[in-house]
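Below are the chains, spelled out letter by letter.
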Amino acid sequence: MQKNNRLLKIFAFVLMATFLRYFVIGEILEKSHDIWMEILAILVVFLVGIGYIFRRTAKVIEETTDILKDRTGLAGGFLQAFGTAFPDMIIGVMAAIASLQVRDADYARAINLAIIAAASTFGSNIYNILHAVWCVWRQNLANSKDKAVMMFPGLKFGGNLKPLSKHTTKPSPIEIDNAVRILMALTLLTAFVAVSMVLFGQVPEGEASGQEGDLYQLIRPVGVVLFFLCAYVLYYFRKSERPESLDREVVKAERYYESRSTKRIWFDLLLSGIAILLTAESMVRAIEVFSELTSTPYVITGILAGLVGCFGEMMVVHNFSVHPTGRISDAIGGVAMDNIVTTMGAAIVAIMGGIFLGGSSLILIFIIILASNTVLISEITRLRNRL
């Protein structure tokens, strides 16, 4: 019965996502001319999408990652990244598709959607890296004090971080080293994107149709190169560096999928991906309408959309940190790989021809990403010294 209940819940994710896409968006938001109905539709999309669908699918990803790692020999962070990066990557891809669909009829709107595609894709990299910095910094604080500390001071719901000396299973040094190497690769890829957009992607003045200031595009040839670079990095770090399994008794309560077949696990992940896809498409349209109603710059709403997209990754990192079963290295590596998968999504969008960023926005986003990566590498190095 438990097996059927779990499967029914995942089918419910898909049905709810379908409801958002084809009723809330298709019948209310796109056909209603009442501003209050539009606001209500936007709220429903975000509350249901973030509060239920993304949160629940993140739980499925969290529960299946370690089982698949044991069965396939792939790195936990690698598997985690493909699951958790899907929302923010697909938001960017869906925004790019929408941009291409309206380019001939409404070029200004196409540019706005392309800006959402870029800002959500790269903006999400900011959030989960900064959140990982916080998690690892709090872990290091627990290590230095040799006692448990709250994830969020004064807020009990965030859970506690135990010092590494009290973890049931410690991450191996080579796993931590690999996480640092993946972050270094992410830093180089991010710098490559920023430099390429400045050197080769400036849009001729006036072509942006209503956009103020400089506008830069990640051009198709660079997108192709970026795609293969990201694919190579992911392939290179695909294997697990911890062949031994975790203590099954310790994490048995969290391992519903351990007694399920591999085919069943992949099926649940496929259904979760469909739910994420439909929800992301709904959010792109909701974000666009929100920008129109509030006159908020599209790059700002796009960056906020990035928070929506990386919500699953942030939850996984948080849970792996406050439940110490040797998974913190998967969490760190997963964050870095998540952002590389997201960057691969940006490459796909560039190949499609639908990714733009403004001059000042371009500089700020990439500076924050590079600075965050540096701080995270520093905190991970401190963590490794405790192993």
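Here, the structure is the one placed above.
Computed from a predicted model, the values in this text were never measured in an experiment. Throughout, a residue's number is its position along its own chain's written sequence, starting from 1. Per-residue local features are limited, in this predicted model, to residues with pLDDT of at least 70; the limit for side-chain atom pairs, both in listing and counting, is 80 or more; totals at the level of whole chains, interfaces and linings are taken over all residues. Side-chain figures throughout are based on the complete set of non-hydrogen atoms in the structure, without hydrogens or water.

*Asks:* Even after reading the chapter, I still don't get the overall build of the chain, so can you show me in this structure?
*Replies:* Per the secondary structure count, the chain includes eleven helices and four strands. Burial classification: accessible surface area is computed with a 1.4 Å probe over protein chains only, and a residue below 20% of its type maximum counts as buried, one above 50% as exposed, and the rest as partly exposed. The burial tally for the chain puts 56% of its 387 residues in the buried class. By the convention used here, residues are in contact when the closest approach between their heavy atoms is within 4.5 Å. Contacts spanning at least 24 positions in sequence make up 80% of the contacts within the chain whose residues lie at least 6 apart. All accessibility values rest on the Shrake-Rupley procedure with a 1.4 Å probe; residue burial counts only the protein chains present in the view. On the chain, roughly 16700 Å² of surface is accessible, and the fraction owed to carbon and sulfur atoms is 64%. Under the scheme used here, helices are H or I runs from DSSP no shorter than 4 residues and strands are E runs no shorter than 2 residues, and both carry numbers assigned from the N terminus.

*Asks:* Explain the pairing of strand S1 (residues 149–152) here, please?
*Replies:* Sheet faces and side chains relate simply in a regular strand, where the side chains alternate between the two faces. In terms of strand pairing, S1 meets strand S2 (residues 155–161) through three bridges, oriented antiparallel. Each bridged residue has a counterpart across the sheet, and for Met150 the counterpart in S2 is Asn160. Only strands that DSSP links by at least two bridges are regarded as paired with each other. Following S1, the chain reverses through two residues before pairing antiparallel with S2; Gly154 in that reversal takes a positive phi of roughly 85°.

*Asks:* Help me understand the environment of Leu370, please; the structure alone is not making it clear to me.
*Replies:* Here Leu370 shows up in helix H11 (residues 359–384). Taking the relative accessible area as the measure of exposure, Leu370 reaches 26% and is therefore partly exposed. Counting along the chain gives 180 residues from Leu370 to Thr190, while the straight-line C-alpha distance between them is 7.3 Å. Non-local contacts of Leu370, meaning those with residues more than four positions away in its chain, are made with Thr187, Thr190 and Ala191.

*Asks:* Would you take a moment to explain the packing of aromatic side chains for this structure?
*Replies:* Note on aromatic pairs: each is described by the distance of the centres and the angle between the planes. Two rings belonging to Phe, Tyr or Trp (six-membered ring only in the last case) form a pair when the distance between their centres is within 6.5 Å. Interplanar angles under 30 degrees mark stacking, angles over 60 mark edge-to-face geometry, and anything in between is tilted. Evaluation of the coordinates by the stated rule reveals nine aromatic pairs. Ring geometry for Phe11 and Phe267: centres 6.4 Å apart, planes at 65°, overall edge-to-face. One end of the pair, Phe11, is in helix H1 (residues 2–29); the other, Phe267, is in helix H7 (residues 262–294), and 256 residues separate them in sequence. Residue class for Phe11 comes out partly exposed when judged on its relative accessible area of 37%. An aromatic cluster is built from Trp134, Trp137 and Phe152, whose rings are joined through pairwise contacts. Charge-over-ring placement is defined geometrically: NZ (Lys) or CZ (Arg) within 6 Å of the ring centre, and within 35 degrees of the ring normal. The aromatic ring of Tyr22 is capped on one face by Arg21, whose charged end is 5.0 Å from the ring centroid.

*Asks:* Mind showing me how you'd approach the side chain of Thr343 here?
*Replies:* Tracing the chain through its elements places Thr343 in helix H10 (residues 328–352). Overall, Thr343 belongs to the buried group, its relative accessible area being 2%. Look past the residues within four positions of Thr343 in its chain and what remains in contact with it is Asn125, Leu186, Val193, Leu226 and Cys230.

*Asks:* Looking at this structure, I do not really get the pattern of salt bridges. What am I missing?
*Replies:* Working definition: two side chains of opposite charge can pair if their charged atoms are close together. Within this document, salt bridges are pairs made up of a side-chain nitrogen of Lys or Arg and a carboxyl oxygen of Asp or Glu, the two lying within 4 Å of each other. All told, the structure shown has six salt bridges when counted by the stated rule. Across the pair Lys31 and Glu27 runs a salt bridge, and its minimum N-O distance is 3.3 Å. Judged by its relative accessible area of 51%, Lys31 is exposed. Arg264 is paired through a salt bridge with Asp268; the nearest N and O atoms lie 2.9 Å apart. Taken together, the positions of Arg264 and Asp268, both in helix H7 and four residues apart, correspond to about one turn of that helix.

*Asks:* Just checking my understanding: could you explain helix H6 (residues 220–236) for this structure?
*Replies:* Three- or four-residue spacings in an α-helix give side chains the same orientation, since the helix completes a turn every 3.6 residues. Multiplying 1.5 Å by the helix residue count minus one yields the expected span of that helix. Look at H6: 24 Å from first C-alpha to last across 17 residues, which is about the 24 Å you get at 1.5 Å a residue. Looking at H6, one finds that the buried residues are Val222, Gly223, Leu226, Cys230, Val233 and Leu234. The buried residues of H6 all sit within an arc of 100° when viewed along its axis, so they share a single face. In H6, those exposed residues whose orientation departs by more than 90 degrees from the buried face are Pro221, Phe228, Tyr232 and Tyr235. What the arc measures is the spread of directions leading from the helix axis to the C-beta atoms.

*Asks:* Would you explain unusual backbone geometry in this entry?
*Replies:* Trans is the prevailing form of peptide bonds, just as negative phi is the prevailing case for residues other than glycine. Of note, the phi angle at Asp146 is positive, near 55°, even though the residue is not glycine. Tracing the sequence through the fold places Asp146 in the loop between helix H4 (107–145) and S1.

*Asks:* How should the packing of H6 against H10 be read in this particular structure?
*Replies:* Axes are the key here: two packed helices are described by the angle between their axes and the distance separating the axes. Packing of H6 against H10 brings their axes to within 8 Å, and their N-to-C directions diverge by 155°. On the basis of the axis angle, H6 is roughly antiparallel to H10. As H6 packs across H10, the resulting crossing turns out to be left-handed. Contact residues: Arg220, Gly223, Val224, Leu226, Phe227, Cys230, Ala231, Val233 and Leu234 in H6; Met337, Ile340, Val341, Thr343, Met344, Ala347, Ile348, Ala350, Ile351 and Met352 in H10. Along the lines of polarity and charge, the residues of the contact of H6 with H10 split into 16 nonpolar, two polar and one charged. The convention used is that axes are lines fitted to C-alpha atoms, helices contributing only their stretch in contact, and that angles between N-to-C directions extend from 0 to 180 degrees. Each angle gets one of four labels, with under 35 degrees taken as roughly parallel, over 145 as roughly antiparallel, 65 to 115 as roughly perpendicular, and the rest as oblique. Take the far helix as the reference: if the near one is turned anticlockwise from it by less than a right angle, the crossing is left-handed, and if turned clockwise, right-handed. All residues other than Ala, Val, Leu, Ile, Met, Phe, Trp, Tyr, Cys, Pro, Asp, Glu, Lys and Arg, Gly among them, are scored as polar; the first ten of these are nonpolar and the last four charged.

*Asks:* Mind showing me how you'd approach the side chain of Asn140 here?
*Replies:* Secondary-structure assignment places Asn140 in helix H4. Ignoring sequence-local partners within four residues, the contact set of Asn140 consists of Glu379, Arg382 and Leu383.

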